[in-house]
Amino acid sequence: MSMNRRQFCALGTAGALAAIAGGTAMGCASASSPSAGEGSSAAATARAIGDADVSFGKEVDVLIVGAGISGMLSAVDPAKAGLNVLIVEQNATYGGDAIYSAACQMCTTAKLTQEERPDKYMSAEQIREKFAPYYENDEAGLERTVLLQTWGGKFIDTMHYEWGYEFQELRESPYHQAFFPKNGLCTMKDEFELMNEKVTEAGASYLFETTFKTLIVGEDGTVAGGRFVAKDGAIVDIGAKAVVLAGGGYVSNQEWMIEYAPEWAFIGNIVAGRKGDAIAAGVAAGGTLSGMGPSGNLNPRYEAGHMLGTFYPLIGLLPNGKRFYCETAVHDAATKCLAAGYNEWYSIWDGTAQNGIDQEVIAHAGDAVQAAASLEELAEKTGLALSTVQAAFDDWNAICDNQADPEFGKTLFLQKLEPPYYFIRNVPVRYKSCGGLAVSDRMEVLDANGDPIPHLYAAGCTAGTEDIVPAAGSGLLCGSVLAEDLA
């Protein structure tokens, strides 16, 4: 049905994008809302896109923006409850960024953790006690962390106990609290295939290659759907009783990175299409920002160059031939490289890792992985002096002989490397953002007064999560809330 703009309005996000880039967490009313005064900045920000009237080509109960892990999991419970659920995704398939990740799923709160790894299990109270020092004077932030850690455990347990997924058996590594896909690093696709099966079994549907532009609000300013652009450029307006913003973070929005994470702003970016559009749409609808800042860590350009250190002997060398971090503390690689004053390093391993079960993470690096039959060839191919390479290996061999690493405290995989050697030249990159829309403990988007905005929810990176398991937990929590609210 077709509605004129006196009844429905597509909120323009351009002003919200600009306001956020300028550091202003401004909520905006509908252009037709009585609260948007003639001279107000809200009126200037919340404007209709072009001259197109809103025309709902489809109406659903639940509209989910983004088919990443949080969006997919937000769909299951409401669809199972009989609601009409549609997930709209800008890419040609589901999975978001996580489907391509190394898929290290840290979780201490699952029943499966308690059953298989009792020494790593933590109750909600233990989580609260552990994280309290990081949330001084931020009780709400602490409780949200506890909440998402708890729901993250429900994700692991749902996958295993309810849906029959077998995570990889526990292997020697420094991360016994982490669950990995059954077929090794970077095989998160296996998990997503199962999640997709459950999403479609529940009755939810997808609309791919359709890009989110902004929210649609009714005459009273309440959220009533979303505006998208199809692959052919056509405007697609979808009406909904509830909208979930799960479109990812803002790591590829350079203006926002300069504003909120200047430490990482001029580091290379590995993720495309994460410009914070869903966050901006939430702000245009009256939402506020929370936790905006630099992410917890950087990544190497090629994940084989650090993640293989989780399970195998590997050494990281700066261009001066010196080790610079404990290679089993894999996420220290990029940041410690920068801290040492360099912008590149070499990760070196041997046949133990090259012929191990984690073939996909190596395959992801493609031709960046090179081989050397000797130290001489390794020096030649890296461009390092042979004397520098020989000294580095002499130091490493002495550590292995003594089974002690006095400088970095590495205790696992103190094993000499044997030719042929394999190596990658790596550089630091950013791959995730920190912060997003402020949400309640029910994943409702909050306005400047801390009140829920009716019919609007957020999950995953759009709601400020950084990692796979909390993002998944936020989706499950959001889905349970939707099933309850729209029952």
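Residues numbered from 1 in each chain as written. Predicted model: local features only at pLDDT ≥ 70, side-chain atom pairs only at ≥ 80, totals over all residues. Heavy atoms only, no water.

A.B. asks: Now, about the packing of aromatic side chains: what can you tell me, with residues and values included?
C.D. replies: Per the counting criterion, the structure on display carries 13 aromatic pairs. Three or more aromatic residues link up through ring pairs in this structure, and these residues are Y94, Y206 and F208. The ring of W151 has K154 lying over it, and the distance from NZ or CZ to the ring centre is 3.9 Å. (Phe/Tyr/Trp six-rings, centres within 6.5 Å; stacked < 30°, edge-to-face > 60°. Lys NZ or Arg CZ within 6 Å of the ring centre and 35° of its normal.)

A.B. asks: Got a sec to walk through empty space enclosed by the protein? Specific residues and values, please.
C.D. replies: In total, this model carries one cavity of 30 Å³ or more according to the counting rule given. In this model, the largest cavity occupies a volume close to 60 Å³. R117, Q168, E169, L170, R171, S173, A178, F179, F180 and F311 are the residues that line the largest cavity. Across the lining of the largest cavity, the residue classes break down as five nonpolar, two polar and three charged. (1 Å grid on protein atoms, 1.4 Å probe; cavity = no way out; pocket = protein on both sides within 12 Å on 5 of 7 lines; lining within 4 Å. Points joined across faces, edges and corners; volume = space filled by probe spheres on them. Nonpolar A, V, L, I, M, F, W, Y, C, P; charged D, E, K, R; others polar.)

A.B. asks: Give me the lowdown on the pairing of strand β10 (residues 235-245), citing residues and values where you can.
C.D. replies: When you tally the buried positions in β10, you get eight out of 11 residues, the bulk of the element. Sheet topology note: the strand β3 (residues 54-65)/β10 ladder contains eight bridges and is parallel. Bridging from a neighbouring strand, K58 pairs with I238 of β10. Note: strand β9 (residues 223-230) against β10, five bridges, orientation antiparallel. Across the sheet, the residue bridging to F228 is V236, located in β10. In this structure, the hairpin formed by β9 and β10 is closed by a connection of four residues, where G233 is found at a positive phi of approximately 95°. Two strands pair when backbone bridges link them, and β10 and strand β21 (residues 452-458) are joined in this way by three bridges, in the parallel orientation. From the neighbouring strand, V244 faces β21, where its bridge partner is Y457. (Buried < 20%, exposed > 50% of the residue type's maximum accessible area, 1.4 Å probe, protein only. Helix = DSSP H or I, 4+ residues; strand = E, 2+ residues; numbered from the N terminus. Pairing = 2+ DSSP bridges.)

A.B. asks: Please give an account of the confidence of the model for the protein chain that cites residues and values.
C.D. replies: When pLDDT is averaged along the protein chain, the result is 91; 92% of the residues meet or exceed 70. Here residues 25-51 is modelled with pLDDT under 50, and outside its nearest four sequence neighbours on either side it reaches 57 contacts, counting other chains as well. (pLDDT = per-residue confidence, 0-100. Contact = heavy atoms within 4.5 Å.)

A.B. asks: Can you tell me about unusual backbone geometry, naming the residues and giving the values?
C.D. replies: Residue P420 is reached from P419 by a cis peptide bond, and omega for that bond is 0°. Mapped onto the elements of the fold, P420 is located in the loop between α15 (386-402) and β17 (421-426). Phi is positive for N137, which is not a glycine, with a value near 65°. Relative to the elements of secondary structure, N137 occurs in the loop between α5 (124-131) and α6 (139-162). If you check the backbone angles, M443 has positive phi at about 65° while not being a glycine. Summarising the element assignment, M443 is placed in the loop between β19 (434-437) and β20 (444-446). The class for M443 is buried, based on a relative accessible area of 0%.

A.B. asks: Could you give an account of the pattern of salt bridges, with specific residues and numbers?
C.D. replies: Counted by the stated rule, this structure contains 22 salt bridges. For E143, the salt bridge identified is with R128, shortest N-O distance 2.8 Å. Here R128 lies in helix α5 and E143 lies in helix α6, a separation of 15 residues in the sequence. E466 is paired through a salt bridge with K432; the nearest N and O atoms lie 3.9 Å apart. In this pair, E466 is assigned in the loop between β21 and α16 (468-485) and K432 in the loop between β18 (428-430) and β19, connecting sequence segments 34 residues apart. (Salt bridge = Lys/Arg side-chain N within 4 Å of Asp/Glu carboxyl O.)

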